[in-house]
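# Structural characterization, general
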Amino acid sequence: KEQYYSEQHSSLINKAYQTLLNPLSRGLYLLELSGVEPAQETDCDKDSAFLMEIMEINEKLAEPKNEDNLGEIETLIKVKQEELTREVTAAFEQGDLQEAKKLLAKMKYFANLEDKLKAKKIPS
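Quick notes on the rules
- Residues numbered from 1 in each chain as written.
- Predicted model: local features only at pLDDT ≥ 70, side-chain atom pairs only at ≥ 80, totals over all residues.
- Heavy atoms only, no water.
- UniProt positions renumbered as here; feature names shortened; annotations may be inferred.
- Helix = DSSP H or I, 4+ residues; strand = E, 2+ residues; numbered from the N terminus.
- Salt bridge = Lys/Arg side-chain N within 4 Å of Asp/Glu carboxyl O.
- Buried < 20%, exposed > 50% of the residue type's maximum accessible area, 1.4 Å probe, protein only.
- Contact = heavy atoms within 4.5 Å.
- Core = buried A, V, L, I, M, F, W, Y, C linked by side-chain atoms within 4.5 Å.
- Axes fitted to C-alpha atoms, helices over the stretch in contact; angles between N-to-C directions.
- Parallel < 35°, antiparallel > 145°, perpendicular 65-115°, else oblique.
- Nonpolar A, V, L, I, M, F, W, Y, C, P; charged D, E, K, R; others polar.

## A word on the UniProt feature "domain: Co-chaperone HscB C-terminal oligomerisation" (unreviewed entry) in the protein
Mapped onto the present numbering, the UniProt feature "domain: Co-chaperone HscB C-terminal oligomerisation" (unreviewed entry) falls at residues 46-118. Across residues 46-118, the secondary structure splits into 88% helix and 0% strand, with the terminal C-alpha atoms separated by 28 Å.

## Focus: the pattern of salt bridges
Tallied over the entire structure, the rule returns 5 salt bridges. Note that Glu53 is salt-bridged to Lys80, the shortest N-O span being 3.3 Å. Of this pair, Glu53 sits in helix α3 (residues 48-62) while Lys80 sits in helix α4 (residues 67-93); the two residues are 27 residues apart in sequence, bridging distant segments of the chain.

## Notes on the environment of Lys60
If you trace the backbone, Lys60 turns up in helix α3. Look at Lys60 and you get partly exposed, because its relative accessible area is 31%. Considering only alpha carbons, one finds Lys60 and Ile73, 13 residues apart in sequence, at a separation of 7.9 Å. Beyond its immediate chain neighbours, meaning those up to four positions away, Lys60 contacts Asn69, Glu72 and Ile73.

## Here we look at the nonpolar core
The biggest cluster of nonpolar side chains holds 25 residues, and the ones touching the most others in it are Leu61, Leu104, Phe110 and Leu113. Counting only elements with at least two residues in this core, the list comes to α2 (23-33), α3, α4 and α5 (97-121). Top element by residues in this core is α5. It accounts for 10 residues. What Phe110 contacts, discounting residues up to four positions off in sequence, is Phe50, Glu53, Ile54, Ile57, Ile77, Lys80, Gln81 and Leu84.

## Brief notes about the packing of α3 against α5
In the contact formed by α3 and α5, the axes pass within 11 Å of each other and the chain directions differ by 5°. Taken together, the axis directions place α3 and α5 in an arrangement best described as roughly parallel. In this structure, α3 uses Phe50, Leu51, Glu53, Ile54, Ile57, Asn58, Leu61 and Ala62 to contact α5, whose residues at the interface are Lys106, Tyr109, Phe110, Leu113, Lys116, Leu117 and Lys120. Per-class residue counts for the contact of α3 with α5 are 10 nonpolar, 1 polar and 4 charged.

In structure tokens, the structure reads:
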């Protein structure tokens, strides 16, 4: 019985750790704790400059595989994710949950771009 409970708690602890480890999942969890609807990618549809930036990165990812190009995109995504993480942290510290929600929606776009980049880097 004790081993069963240990296994159950171990699973929960691992899940909690993974949630808190990633800035995006951590932010989404904090929104949930605050009773705010989860961030959706449509939350930043009004920001046309942002959407253009995402489209440009997607177009670069659609180009034939080029290691220099992929490295440049990887750096850009990493810088943007770090910038958004700082902005989300500031929004939560100021208690501006709606701003945090918008920024987390943007982070979702960059997480998707990161996944596409990883898929493209996998040797075929």
